[in-house]
Amino acid sequence: AGHHADELLELAAATGFGVRFTKKGERVFATVLGTPAAGPMRLTGLEGHAVGGVRLAGGDALAAGTALDFERQGEALVIEVPRLAESQAHAFELRP
């Protein structure tokens, strides 16, 4: 089962890592390639996407499901990333 073109979002992120965005229903998943450093991670390109909650969805099995603090700063979404185990990618679920 593939994704429809309108469900795949290619958005810019100022994280120092490659980021891929996928939309599933009302949720957006931000997959960060590599392991971001602990602290604030700034994602841009999410204008028009309401975010009411952020949780770690994958990459660090021990932290998966953890709700994360976040805030909007203008057009950017800033997520407070905990210290994560090294992984090729980490997924963040952005819920409306």
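Details of the structure are given in the entry above.
Worth saying up front: this structure is predicted, and the values here are computed from it rather than measured.

Undergrad: How do you make sense of the nonpolar core when you look at a structure like this?
TA: In a soluble, globular protein the nonpolar side chains are often hidden away together inside. Among the nonpolar cores identified, the biggest contains 19 residues, and Leu43, Ile79, Phe92 and Leu94 are the most heavily contacted of them. Counting only elements with at least two residues in this core, the list comes to strand 2 (19-24), strand 3 (27-33), strand 4 (39-43), strand 5 (53-58), strand 8 (76-81) and strand 9 (89-95).

Undergrad: Would you mind showing me how to read the environment of leucine 33 here?
TA: Position of leucine 33 relative to the elements: it lies in strand 3. Take leucine 33: its relative accessible area is 38%, and that puts it in the partly exposed class. Distance in space between the C-alpha atoms of leucine 33 and alanine 91 is 8.7 Å, their sequence separation being 58 residues.

Undergrad: I keep staring at the sheet that holds strand 8 and nothing clicks. Help me out?
TA: Hydrogen bonds along the backbone pair up the strands of a sheet, which may run parallel or antiparallel. What the three strands build is an open sheet, ordered 4-8-7; its pairing is antiparallel. One side of each edge strand has no neighbouring strand; the edge strands of this open sheet are strand 4 and strand 7 (70-73). The mean angle between the axes of side-by-side strands here comes to 25°, regardless of whether they run parallel or antiparallel.

Thresholds, definitions, all that
- Residues numbered from 1 in each chain as written.
- Predicted model: local features only at pLDDT ≥ 70, side-chain atom pairs only at ≥ 80, totals over all residues.
- Heavy atoms only, no water.
- Core = buried A, V, L, I, M, F, W, Y, C linked by side-chain atoms within 4.5 Å.
- Buried < 20%, exposed > 50% of the residue type's maximum accessible area, 1.4 Å probe, protein only.
- Helix = DSSP H or I, 4+ residues; strand = E, 2+ residues; numbered from the N terminus.
- Pairing = 2+ DSSP bridges.
- Axes fitted to C-alpha atoms, helices over the stretch in contact; angles between N-to-C directions.

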